[in-house]
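Here is how the chains run, residue by residue.
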Amino acid sequence: MTVITLVQGDITEQHVDAIVNAANSSLLGGGGVDGAIHRAGGPEILAACRALRASHYGKGLPTGRAVATTAGRLPARWVVHTVGPVFSQEEDRSELLASCYRESLRVAAELGARTVAFPAVSAGIFGWPMDDAARTAVETVRQTDTAVEEVRFVLFDERAYAAFTAQMP
Ligand code: AR6
């Protein structure tokens, strides 16, 4: 049984086995939580991302997929980078968003991670409405059979925390 917990705070401060990064396909950094993770984790993470681009992910990491690197100086063992979909009014991309959570959990479990922290993937720069992002996140984790024991959603502000709280039983 996977326990879901909610925390309002900064994901870079979480003492967990794996921290999930809401990255982009380039894996080479950006703003939002991605920028915060690279800043706090130091250059080792970027070096590992560059190595991935030079090997298996020459074209970048596809949307909905996940890949792990070192967590550098973060108080975690691994960063699992996933690429959320950009929100679209015209097209339902929620299956790709669900895939981010499933794939991140699969990668984390393969590494042996027992505790995993997620941000609200796609709900910032990628424009996903927070309530819907929260529903997809919580429902997907609930429906995923994983050896991960704790999934901790780390919500940056009160609005995100409230949206995720509304999805909890
Ligand atoms: N801890 C936890 N959550 C955070 C933190 C933090 N330190 N910082 C921001 N958030 P975003 P996206 C929240 O924009 O929408 C980057 O440039 C934020 O308030 O980080 O998936 C990437 O390189 C929001 O609720 O990710 C991509 O290009 C949530 O994290 C693009 O942004 C996600 O917001 C990805 O956009």
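The structure we're discussing is the one just above.
Only a predicted model underlies this, so the values are computations on that prediction, with no experimental measurement involved. The numbers attached to residues start from 1 for each chain and follow its sequence in the written order. Residues qualify for local features only when their pLDDT is at least 70, as the model is predicted, and side-chain atom pairs are given and counted only at 80 or more; totals for whole chains, interfaces and linings, by contrast, use all residues. Hydrogens are left out, water is left out, and the side-chain values use all remaining heavy atoms of the structure.

Explain the environment of Thr5 to me, and be specific about the residues and the numbers.
Secondary structure elements follow DSSP: runs of H or I of four or more residues count as helices, runs of E of two or more count as strands, with numbering from the N terminus. Position of Thr5 relative to the elements: it lies in strand β1 (residues 3-8). In this description, contact between two residues means that some pair of their heavy atoms is separated by no more than 4.5 Å. With near-sequence residues (within four places) excluded, Thr5 lies in contact with Glu150, Val151, Arg152 and Phe153.

An account of the side chain of Ser88 is requested, with residue identities and associated values reported.
Counting through the fold element by element, Ser88 comes out in the loop between β4 (78-83) and α3 (94-111). Distance and chemistry together define a polar contact, namely a pair of N or O atoms within 3.5 Å, with one atom able to donate a hydrogen and the other to accept it when in protein, and with adjacent residues in sequence counting only for side-chain atoms on both sides. Here Glu91 takes part through its backbone nitrogen, which lies 3.0 Å from a polar atom of the side chain of Ser88.

Mind laying out the nonpolar core, listing which residues take part and the relevant values?
To define a nonpolar core, start from buried Ala, Val, Leu, Ile, Met, Phe, Trp, Tyr and Cys residues and group those joined through side-chain atoms within 4.5 Å. Burial here depends on accessible area, computed with a 1.4 Å probe over protein chains only, as a share of the maximum for the residue type. Under 20% is buried, over 50% is exposed, and the range in between is partly exposed. If you look at the biggest cluster of nonpolar residues, it comprises 33 residues, and the most contacted ones within it are Tyr101, Val116, Phe118, Phe153 and Phe164. Listed by contribution, the elements that provide at least two residues to this core are β1, β2 (18-23), β4, α3, β5 (115-118), α4 (130-143), β6 (150-155) and α5 (158-165). Discounting residues that sit within four places of it in the chain, Phe153 has contacts with Ile4, Thr5, Leu6, Val7, Tyr101, Phe118, Ala137, Val138, Val141 and Phe164. Formed by 18 residues, the second largest nonpolar core is a distinct cluster that contains Ile19, Leu52, Tyr57 and Leu61.

Could you give an account of the packing of aromatic side chains, naming the residues involved and the relevant values?
Each Phe, Tyr or Trp ring, with Trp reduced to its six-membered ring, pairs with another whose centre is within 6.5 Å; inter-plane angles below 30 degrees give stacked pairs, above 60 give edge-to-face pairs, and intermediate values give tilted ones. One pass over the structure, following the stated rule, counts five aromatic pairs. Both rings, one in Phe87 and one in Trp128, keep their centres 5.2 Å apart while their planes meet at 75°; by these two values the pair is edge-to-face. Linking Phe87 in the loop between β4 and α3 with Trp128 in the loop between β5 and α4, this pair joins segments that are 41 residues apart in sequence. Seen from their ring centres, Tyr101 and Phe118 are 4.9 Å apart, and the 40° between their planes marks the pair as tilted. With a gap of 17 residues between them, Tyr101 in helix α3 and Phe118 in strand β5 connect regions that are remote in the sequence. Neither residue differs from the other here; Tyr101 and Phe118 are each classed as buried. One aromatic cluster in this structure is built from Tyr101, Phe118, Phe153 and Phe164.

Describe helix α1 (residues 32-41), with residues and values.
What α1 keeps buried is the set Asp34, Gly35, Ala36, Ile37, His38 and Gly41. Where α1 is buried, its residues meet β2, α2 (43-54) and β4. One or two residues past the end of α1 sits Gly42, with phi positive at roughly 85°.

Talk me through the site of the ligand; I want residue IDs and the actual numbers.
Distances are taken per atom, and a residue is near a molecule or strand as soon as one of its heavy atoms is within 4 Å of it. Every one of the 22 residues lining the ligand counts as a neighbour, but Asn24, Gly31, Val33, Asp34 and Ile125 are closest to it. Measuring from a nitrogen atom of the ligand, one finds a side-chain N or O atom of Asp10 at 2.9 Å. Surface exposure here means Shrake-Rupley accessible area, sampled with a 1.4 Å probe, where a residue is shielded only by the protein chains that are shown. Contact with the protein chains covers 91% of the free accessible surface of the ligand, which is 700 Å². Each cavity reported here is a set of points on a 1 Å grid over the protein atoms alone in which a 1.4 Å probe fits but cannot get out, each pocket an open set with protein on both sides within 12 Å along at least five of seven lines, and each lining residue one with an atom within 4 Å of a point. A cavity or pocket is said to hold a molecule if more than half of that molecule's atoms lie within 2 Å of its grid points. Because more than half of its atoms lie within 2 Å of the grid, the ligand is assigned to the largest pocket. Elements with a minimum of two residues in the shell around the ligand: β2 and α1. Considering every element that reaches the shell around the ligand, the biggest residue donor is α1, with four residues. Each residue belonging to the shell around the ligand can be placed in one class, and the counts come to 12 nonpolar, eight polar and two charged. Classification used: nonpolar for Ala, Val, Leu, Ile, Met, Phe, Trp, Tyr, Cys and Pro, charged for Asp, Glu, Lys and Arg, polar for all others including Gly.

So what's going on with the sheet that holds β1? Residues and values would help.
Ordered in space as β1-β6-β5-β2-β4-β3, the six strands form an open sheet in which the pairing is mixed. Each edge of the open sheet is held by one strand with a lone partner, namely β1 and β3 (66-70). Within this sheet the neighbouring strands show an average axis-to-axis angle of 25°, counted without direction. Sheet topology note: the β2/β4 ladder contains six bridges and is parallel. Within β4, the position partnered with Asn21 by the bridge is His81. Axes here mean lines fitted to C-alpha atoms, for a helix over just the part in contact, with angles spanning 0 to 180 degrees between N-to-C directions. Taken strand by strand, α2 contacts β3 and β4, and its axis lies near 135° from that of β3. Running at roughly 175° to β6, α4 makes contact with β1 and β6 of the sheet. Only when DSSP finds a minimum of two bridges between them are two strands counted as paired.

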